[in-house]
Amino acid sequence: WCRLPTTMPRGAWARVVCGILFLTFLCPAISNFALLRLALGLSLTLGSLGPIYALPLVWLMKGERVTVRAVLGSALAVAGVAILCQFHRPQ
């Protein structure tokens, strides 16, 4: 159902393998470590910044135009998590 590219240079394969290892192992491990070391609200707020990082990457890597709607939606998502974490008081 899928064929791997046969003309990909060895360096490109090394980057693909490093990216896979980072996304499947290091990213969750670092996130869990942050949960142990930081306050929960701060850790959740930092974790919700993914869309903010993704918008410039889409523009740089794929050349897609970033819309105002996407920027506002990402900012609203981060602000929502920050507000929930700020006003939540543990009982």
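Calculation notes
Residues numbered from 1 in each chain as written. Predicted model: local features only at pLDDT ≥ 70, side-chain atom pairs only at ≥ 80, totals over all residues. Heavy atoms only, no water. Helix = DSSP H or I, 4+ residues; strand = E, 2+ residues; numbered from the N terminus. Rg over C-alpha atoms; globule rule 2.2 N^0.38 Å. Buried < 20%, exposed > 50% of the residue type's maximum accessible area, 1.4 Å probe, protein only. Areas by Shrake-Rupley, 256 points an atom, 1.4 Å probe, with all protein chains shown as cover. 1 Å grid on protein atoms, 1.4 Å probe; cavity = no way out; pocket = protein on both sides within 12 Å on 5 of 7 lines; lining within 4 Å. Points joined across faces, edges and corners; volume = space filled by probe spheres on them. Nonpolar A, V, L, I, M, F, W, Y, C, P; charged D, E, K, R; others polar. Salt bridge = Lys/Arg side-chain N within 4 Å of Asp/Glu carboxyl O. Contact = heavy atoms within 4.5 Å. Axes fitted to C-alpha atoms, helices over the stretch in contact; angles between N-to-C directions. Parallel < 35°, antiparallel > 145°, perpendicular 65-115°, else oblique. Left-handed = near helix turned anticlockwise from the far one by under 90°.

Student: How should the overall build of the protein chain be read in this particular structure?
Tutor: Check the secondary structure of the protein chain and you find 4 helices and 0 strands. Its helices and strands taken in sequence order, the protein chain reads α-α-α-α from the N to the C terminus. A compact globule built from 91 residues would reach a C-alpha radius of gyration of about 12 Å, whereas the protein chain, at 18 Å, exceeds it by more than 25%. Each principal axis of the C-alpha distribution contributes one length, and for the protein chain these read about 60 × 35 × 25 Å. The buried share of the protein chain, reckoned over its 91 residues, is 9%. About 8100 Å² of surface is accessible on the protein chain, with carbon and sulfur atoms providing 71% of the total.

Student: Which parts of the structure should I look at to understand the layout of surface pockets?
Tutor: A volume near 270 Å³ is recorded for the largest pocket. Lining the largest pocket are 14 residues, with Ser31, Ala34, Ser43, Leu46 and Gly47 sitting closest to its centre. Counting only elements with at least two residues in the lining of the largest pocket, the list comes to α1 (10-37), α2 (40-47) and α3 (50-62). At 6 residues, the largest contribution of residues to the lining of the largest pocket is made by α1. Residue classes in the lining of the largest pocket are distributed as 10 nonpolar, 4 polar and no charged.

Student: Is there a simple way to explain the pattern of salt bridges in this structure?
Tutor: Side chains that differ in charge, positive against negative, can pair when their charged atoms come close. Using the criterion set out here, one finds 1 salt bridge in the structure. Two residues, glutamate 64 and lysine 62, come together in a salt bridge whose shortest N-O distance is 3.8 Å.

Student: What is the right way to look at the side chain of serine 74 in this model?
Tutor: Relative to the assigned elements, serine 74 resides in helix α4 (residues 68-87). The exposure class assigned to serine 74 is buried, which follows from its relative accessible area of 8%. Here serine 74 is in contact with Pro51, Ile52 and Leu55, once residues within four sequence places are set aside.

Student: Please explain the packing of α3 against α4 as it appears in this structure.
Tutor: When two helices pack together, their arrangement is captured by the angle between the axes and the distance separating the axes. Interhelical geometry of α3 versus α4 gives an angle of 160° and a closest axis separation of 8 Å. On the basis of the axis angle, α3 is roughly antiparallel to α4. Viewed along their axes, α3 and α4 form a crossing whose handedness is left-handed. Contacts from Pro51, Ile52 and Leu55 in α3 reach Ala70, Val71, Ser74, Ala75 and Val78 in α4. Looking at the contact of α3 with α4, its residues break down into 7 nonpolar, 1 polar and no charged.

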